[in-house]
Amino acid sequence: MAADRWIDVGRVEDIPQRGARTVVIEGGEEIAVFRTGDDAVFALVNRCPHRGGPLSQGIVHGHSVACPLHNWTIALETGQAQGHDSGCTPTIPVRLEDGRILIAPPLLISA
């Protein structure tokens, strides 16, 4: 069953607060997994909707990340660009189990 095929990408503590790590999933897509200051965890495709900047290298503030290329702010919960900018980065379902981060497998990801 596809819903049982979550990918274990490590422990929450493996990601510093207000930081990110990347994981490459089947098919070569790079996913950025973020940990916020309040220990919430989110995952997005690692591309800014503006010019494809690597969001994992951006600055995490609150539940948003600022793209390192042009400082667009992307909401981690929705992938939506904030303010006057428009566009969306695909989000990846995340769940936590016993301190471990699980992300949805490629079959469950909708672009």
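Conventions we followed
- Residues numbered from 1 in each chain as written.
- Predicted model: local features only at pLDDT ≥ 70, side-chain atom pairs only at ≥ 80, totals over all residues.
- Heavy atoms only, no water.
- Pairing = 2+ DSSP bridges.
- Helix = DSSP H or I, 4+ residues; strand = E, 2+ residues; numbered from the N terminus.
- Axes fitted to C-alpha atoms, helices over the stretch in contact; angles between N-to-C directions.
- Buried < 20%, exposed > 50% of the residue type's maximum accessible area, 1.4 Å probe, protein only.
- Contact = heavy atoms within 4.5 Å.

Summarise the sheet that holds strand 7 (residues 73-75); cite the residues concerned and give the values.
Read from one edge of the open sheet, 3 strands run 5-6-7, paired in antiparallel fashion. Across the chains shown, the open sheet's two edge strands, defined by having one partner strand only, are strand 5 (59-61) and strand 7. On average, each strand axis in the sheet is tilted by 25 degrees relative to the strand beside it, whichever way the strands run. In terms of strand pairing, strand 6 (residues 64-66) meets strand 7 through 3 bridges, oriented antiparallel. Across the sheet, Ser 64 pairs through a bridge with Ala 75, a residue of strand 7.

Lay out the sheet that holds strand 10 (residues 100-103) with the relevant residues and their values.
Working definition: the strands of a sheet are paired by backbone hydrogen bonds and lie parallel or antiparallel to each other. The sheet built from 3 strands is open, its strands ordered 1-10-9 with antiparallel pairing. The open sheet terminates on both sides in strands that have one partner only, identified here as strand 1 (7-11) and strand 9 (94-97). Pairwise comparison of adjacent strand axes, ignoring direction, gives a mean angle of 30 degrees for this sheet. As paired strands, strand 1 and strand 10 are joined by 4 bridges and run antiparallel to one another. Each residue of the ladder has a partner; that of Asp 8, found in strand 10, is Leu 102.

How would you summarise the environment of Glu 77 if you had to cite specific residues and measurements?
Here Glu 77 shows up in the loop between strand 7 and strand 8 (91-92). Residue Glu 77 is classed as exposed on the basis of its relative accessible area, which comes to 52%. Between the C-alpha atoms of Glu 77 and Ser 64, which are 13 residues apart in sequence, the distance is 8.0 Å. If we skip the residues at most four places from it in the chain, Glu 77 touches Phe 42, His 63 and Thr 91.

Give a detailed account of the side chain of Ser 64, specifying residues and quantitative values.
Tracing the chain through its elements places Ser 64 in strand 6. Given the relative accessible area of 15%, Ser 64 is considered buried. When near neighbours in sequence (up to four residues on either side) are disregarded, Ser 64 contacts Ile 59, Thr 73, Ile 74, Ala 75 and Leu 76.

Requested: an account of the pairing of strand 3 (residues 30-35), with residues and values cited.
One face of the sheet, then the other: side chains in a regular strand alternate in exactly this way. Within strand 3, 5 of the 6 residues are buried, which leaves it mostly tucked inside the rest of the structure. Here strand 2 (residues 19-24) runs beside strand 3; their pairing, made up of 6 bridges, is antiparallel. Its bridge partner being in strand 3, Val 24 is matched across the sheet by Glu 30. With antiparallel pairing between neighbouring strands as the criterion, strand 2 and strand 3 make up a hairpin whose turn holds 5 residues, including Gly 27 at a positive phi of roughly 100 degrees. As paired strands, strand 3 and strand 4 (residues 41-45) are joined by 5 bridges and run antiparallel to one another. Bridging from a neighbouring strand, Ala 32 pairs with Leu 44 of strand 4. Between the antiparallel neighbours strand 3 and strand 4 lie 5 residues, among them Asp 39 with a positive phi of about 65 degrees.

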